[in-house]
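As a plain string of letters, each chain reads:
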Amino acid sequence: MNSQRIACFLLILVTLATDVSAGPDQRRLLEDLFSDYNKHERPVYSESEPVAVEFQVSLRSILNVDEANQQLQTQLWLNYAWKDYKFRWEPSSYGNITDIRYPAASLWLPDITMYNSIASSEIGSKPDVFIASEGSVSLVQPGIFTSSCETDLRWFPFDTQACKLTFGSWTLDGSKVDLKVKNGVSMGSLDGYQPNQEWHLLNFSVVRNTVYYECCPDTPYIDLDYTLKISRLQLFYVINIIIPSIFIALLTLVTFIIPVQSGEKLSFGSTVLLILAIFWLLLINVMPSTSASVSVPMLSKYDSSF
């Protein structure tokens, strides 16, 4: 029993000694790395070289699709990775430290922006960057993004929407920042995706584009187009809209079958008209609002024909 206590005590002493010795090594490493560091300087040997930035969007959830305002709200994790030649060290010279974390606000960061963003907000505090001994730098930035999305409601509630999320450098062209898809894949990441109760995710693809603008035809600008393809889940609308619409249509036909001599034709027709009026009041709260002639749902045109 006493030998076990002594072994535990020695283990605690070794752990404390290791923690104490790690502090000065990390402090010395940080001093060596950042003694001559300028966060406004691009991390390249030569100014003629671009910084190769690997970028990936991880879709966590679809929060809202606002058809009336043509907006899409999503929760995304933005993953950045690049190399910085100044952040290289030999782990054996610094207490076998192979990586460190450092505040992102104090480092050079690629100014990757969502071009079609309407609003965005970060989740939590500003994240730290992960720096490895071979010079690789990585950053994961979670946030909630509201972007523009042109919706087509003609086939509501059996509609499919395709919303684009376009990312690119806001101030640096392709000769300064070479934006690439992480690992060269053609799909965005769906790790940790939480399904939406109204929309089913069909596809989340990405395409890399090189664009030349009229202002500067010799300068390439690189962007990444993430396309979010979703289809509406129809069960709620089938039960609450489609089936009642068919039932009301059948009742309308019955009105023409009832003989005039029965005396019930007028009262039955009035009842059907009252049912249709109440159904329309309920339908207004369910149907997405739009004034574009090409996007008016076929279901609305059908119901208005009664």
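What you see is a predicted model; the values in this text were computed from it and never measured. (Residues numbered from 1 in each chain as written. Predicted model: local features only at pLDDT ≥ 70, side-chain atom pairs only at ≥ 80, totals over all residues. Heavy atoms only, no water.)

(A) Representation of the pairing of strand β1 (residues 51-66). Sheet analysis places β1 next to strand β9 (residues 177-181), joined by five bridges and oriented parallel. Opposite Val 53, over in β9, you have Leu 179 as the bridge partner. The pairing of β1 with strand β2 (residues 71-83) spans eleven bridges and is antiparallel. Its bridge partner being in β2, Phe 55 is matched across the sheet by Tyr 80. Where β1 folds back onto β2 in an antiparallel hairpin, the turn is made up of four residues, including Gln 70, whose phi is positive at roughly 55 degrees. (Pairing = 2+ DSSP bridges. Helix = DSSP H or I, 4+ residues; strand = E, 2+ residues; numbered from the N terminus.)

(B) Region of the structure containing the state of the cysteines. Per the counting criterion, the structure on display carries one disulfide. Between Cys 149 and Cys 163 runs a disulfide, and the two sulfur atoms are separated by 1.8 Å. In this structure, the disulfide formed by Cys 149 and Cys 163 twists by about -65 degrees around the S-S bond and is classed as left-handed. Of this pair, Cys 149 sits in the loop between β7 (136-148) and β8 (160-169) while Cys 163 sits in strand β8, and the two are 14 residues apart along the sequence. Here Cys 163 falls in the buried class, since its relative accessible area comes to 1%. (Disulfide = S-S within 2.5 Å. Buried < 20%, exposed > 50% of the residue type's maximum accessible area, 1.4 Å probe, protein only.)

(C) Spatial organisation of the pattern of salt bridges. Tallied over the entire structure, the rule returns eleven salt bridges. A salt bridge links Arg 28 to Asp 25, with the nearest nitrogen and oxygen atoms 3.2 Å apart. Of this pair, Arg 28 and Asp 25 both sit in helix α1 (residues 2-34), three residues apart, roughly one helical turn. Arg 28 gets classed as partly exposed once you look at its relative accessible area, which sits at 35%. (Salt bridge = Lys/Arg side-chain N within 4 Å of Asp/Glu carboxyl O.)

(D) Expanded view of helix α3 (residues 265-286). Here α3 contains 22 residues, and its C-alpha end-to-end distance of 31 Å stays within 8% of the 32 Å for a straight helix at 1.5 Å per residue. Taken as a whole, α3 has its buried residues at Val 272, Leu 276, Phe 279 and Leu 283. In an axial view of α3, the angular spread of the buried residues amounts to 70 degrees, which keeps them on one side of the axis. Facing away from the buried surface of α3 by more than 90 degrees, the exposed residues are Leu 266, Leu 273, Leu 274, Leu 281, Leu 282, Ile 284 and Asn 285. (Expected span 1.5 Å × (residues − 1). Arc of directions from axis to C-beta.)

(E) Fine view of the packing of aromatic side chains. Scanning the entire structure with this criterion turns up 14 aromatic pairs. Plain terms: the ring middles of Tyr 213 and Tyr 221 are 5.5 Å apart, the flat faces sit at 65 degrees to each other, and that makes the pair edge-to-face. Here the aromatic cluster, defined as three or more aromatic residues joined through ring pairs, consists of Phe 55, Tyr 80, Phe 167, Phe 204 and Tyr 226. The side chain of Arg 60 reaches across the aromatic face of Trp 77, ending 3.8 Å from its centre. (Phe/Tyr/Trp six-rings, centres within 6.5 Å; stacked < 30°, edge-to-face > 60°. Lys NZ or Arg CZ within 6 Å of the ring centre and 35° of its normal.)

(F) Spotlight on the packing of helix α2 (residues 235-257) against α3. Running from N to C, α2 and α3 point in directions that differ by 160 degrees, and their axes come no closer than 10 Å. When the axis of α2 is compared with that of α3, the two are roughly antiparallel. Classified by chirality, the crossing of α3 by α2 is left-handed. Contacts between α2 and α3 pair Phe 236, Tyr 237, Asn 240, Ile 241, Pro 244, Ser 245, Ile 248, Leu 251, Thr 252, Val 254, Thr 255 and Phe 256 from the former with Lys 265, Phe 268, Gly 269, Val 272, Ile 275, Leu 276, Phe 279, Leu 283 and Val 286 from the latter. Of the residues that constitute the contact of α2 with α3, the class distribution is 15 nonpolar, five polar and one charged. (Axes fitted to C-alpha atoms, helices over the stretch in contact; angles between N-to-C directions. Parallel < 35°, antiparallel > 145°, perpendicular 65-115°, else oblique. Left-handed = near helix turned anticlockwise from the far one by under 90°. Contact = heavy atoms within 4.5 Å. Nonpolar A, V, L, I, M, F, W, Y, C, P; charged D, E, K, R; others polar.)

Geometric values such as these leave the question of function open.
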